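Residues per chain are reported as follows:
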Amino acid sequence: MATVLDEFRLDGRVAIVTGASRGLGAAMALGLAEAGADLVLVARGDAAQVRKGAAALGRRCQSIKADLAEKAAAAKIVSEAVSAMGRVDILVNNAGIIRRNSFLDLTEEEWRDVFDVNLDAAFRLSQQFARHLVAAKSPGKIINVASMLSFQGGIRVASYTAAKSALNGLTKIMANELAPLGINVNAIAPGYMATDVTAPLRADEAQNRAIIERIPAGRWGSPEDLKGAVVFLASRASDYVHGFTLAVDGGWLAR
Ligand code: NAP
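The structure displayed is predicted, hence computed values, not measured ones.

Cut-offs and rules
- Residues numbered from 1 in each chain as written.
- Predicted model: local features only at pLDDT ≥ 70, side-chain atom pairs only at ≥ 80, totals over all residues.
- Heavy atoms only, no water.
- Helix = DSSP H or I, 4+ residues; strand = E, 2+ residues; numbered from the N terminus.
- Expected span 1.5 Å × (residues − 1).
- Buried < 20%, exposed > 50% of the residue type's maximum accessible area, 1.4 Å probe, protein only.
- Arc of directions from axis to C-beta.
- Contact = heavy atoms within 4.5 Å.
- Pairing = 2+ DSSP bridges.
- Axes fitted to C-alpha atoms, helices over the stretch in contact; angles between N-to-C directions.
- Phe/Tyr/Trp six-rings, centres within 6.5 Å; stacked < 30°, edge-to-face > 60°.
- Lys NZ or Arg CZ within 6 Å of the ring centre and 35° of its normal.
- Core = buried A, V, L, I, M, F, W, Y, C linked by side-chain atoms within 4.5 Å.

**Q** Teacher, can you tell me more about helix α4 (residues 73-85) here?
**A** One turn of an α-helix holds 3.6 residues; hence residues three or four places apart share an orientation. With 13 residues, α4 should reach 18 Å at 1.5 Å per residue; the first-to-last C-alpha distance of 18 Å fits that figure. Every buried residue of α4 is accounted for by A73, A74, I77, V78, A81 and M85. Down the axis of α4, the smallest arc covering the buried residues is 125°, so these residues share one side. Packed against the buried residues of α4 are β1 (14-18), β2 (38-43), β3 (61-65) and α5 (108-136). With its phi angle positive at about 90°, G86 sits one or two positions after the end of α4.

Laid out in structure tokens, this is it:
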């Protein structure tokens, strides 16, 4: 007898995950593979660890080395993914960078670099992916990786906050236009997660303590904490969820 747990299975689906070489992207890719999905991993660097993990689970896995800051990357990624795997069903726009500087000193380059990867690349890749699904008459799932700074201002992170706030808006407008076409668009907003990006915060003892004290769960998140949310949003279990940003933040936003 089928149960609700079957709704979460991703057997036979293909997931493109950007920024899958390490950190949150690597853990989410492995979570999707554990639920049954085959993977297309996108990063500039090597995603060998994730490839190994996917192979151990018996999943097919293709790596595409691409710099998402380049305009041509999106079309290339979707067409290479389709020719390697035969289909695509799930897109996780996870790749992201941060530039920490005071608002007064932030350079044009620090503004532009962050927008190129965190917002423009998500727009382009989502558009190419959705166009492909519509032409193939296939349903699909797009999951953007937002941030606490999609909701809050932060400090010394102006380009990051602006891009992640815009990504939240983009999630809603895409959901409005793509829901009627059978494509769900949602986002995950991770809280403070222990990865390379946040290493400087954890290295500063006072800042580290202040962050932990403000998190109701009393600890940093781990990349594995995102597995459940990404599998849910990638699966049939979330078919009636559109345009929502799910915080996985140990309660940070509730404070
Ligand atoms: P991370 O450990 O630094 O990993 C970033 C990933 O993005 C890497 O796989 C990197 O791969 C890829 N990437 C960066 N620039 C790229 C480019 N130009 N082209 C292709 N790939 C690129 O970061 P993370 O902490 O896992 O963060 C992942 C996402 O979660 C980001 O969007 C981040 O803003 C968001 N987030 C993180 C936290 C947190 O606390 N860690 C909280 C909220 C939101 P290569 O360097 O190999 O290209």
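**Q** Help me out: how do you make sense of the sheet that holds strand β5 (residues 140-145) in this one?
**A** The strands that make up a sheet are held in pairs by hydrogen bonds between backbone atoms, and each pair lies either parallel or antiparallel. On the basis of which strands lie adjacent, the open sheet formed by seven strands has the order β3-β2-β1-β4-β5-β6-β7 and parallel pairing. The strands lining the two open edges of the sheet, one partner per strand, are β3 and β7 (245-248). When strand polarity is set aside, the average angle formed by the axes of neighbouring strands in this sheet is 20°. Along the sheet, α5 contacts β1, β4 (90-93), β5 and β6 (183-190); its crossing angle with β4, the most-contacted strand, is approximately 175°.

**Q** Would you take a moment to explain the environment of L233 for this structure?
**A** Relative to the helices and strands, L233 is located in helix α9 (residues 227-234). Once the C-alpha coordinates of L233 and R59 are considered, the two residues, 174 residues apart in sequence, prove to be 20 Å apart.

**Q** Before we go on, may I ask you to explain the packing of aromatic side chains in this structure?
**A** Aromatic ring pairs are reported here in terms of the distance separating the ring centres and the angle at which the planes meet. On inspection of all chains with the given rule, the structure shows four aromatic pairs. Ring plane angle 35° and centroid distance 6.2 Å describe the contact between F8 and F232, whose orientation is recorded as tilted. With F8 in the loop between α1 (4-7) and β1 and F232 in helix α9, this pair connects stretches of sequence that are 224 residues apart. Consider the rings of Y192 and W220, whose centres lie 5.7 Å apart with planes at 80°: the pair is edge-to-face. One end of the pair, Y192, is in the loop between β6 and α7 (199-203); the other, W220, is in the loop between α8 (205-214) and α9, and 28 residues separate them in sequence. Residue W220 is classed as buried on the basis of its relative accessible area, which comes to 11%. Following the ring pairs from residue to residue traces out a cluster consisting of Y192, W220 and W252. The side chain of R214 reaches across the aromatic face of W252, ending 3.9 Å from its centre.

**Q** When you look at the nonpolar core in this model, what are you seeing that I'm missing?
**A** Side chains of a nonpolar character, in soluble globular proteins, are inclined to be buried together. Membership of the largest hydrophobic core comes to 40 residues, with the highest contact counts inside it found for I16, I77, F129 and I142. Elements represented by at least two residues in this core include exactly β1, β2, α4, α5, α6 (158-178) and β6. A total of ten residues in this core trace back to one element, the largest contributor, which is α5. In this structure, F129 is in contact with I16, V78, V88, D89, I90, L91, K141 and I142, ignoring residues within four places of it in sequence. Core analysis: the second largest hydrophobic core is formed by 30 residues, A29, A35, A37 and L226 among them.

**Q** For this particular structure, what's the right way to read unusual backbone geometry?
**A** What is expected of a backbone is that most residues other than glycine have negative phi and most peptide bonds are trans. Backbone geometry places K137, a non-glycine residue, at a positive phi of 55°. Note that K137 resides in the loop between α5 and β5. Positive phi, normally seen in glycine, also occurs at R156, with a value near 65°. Structurally, R156 can be placed in the loop between β5 and α6.

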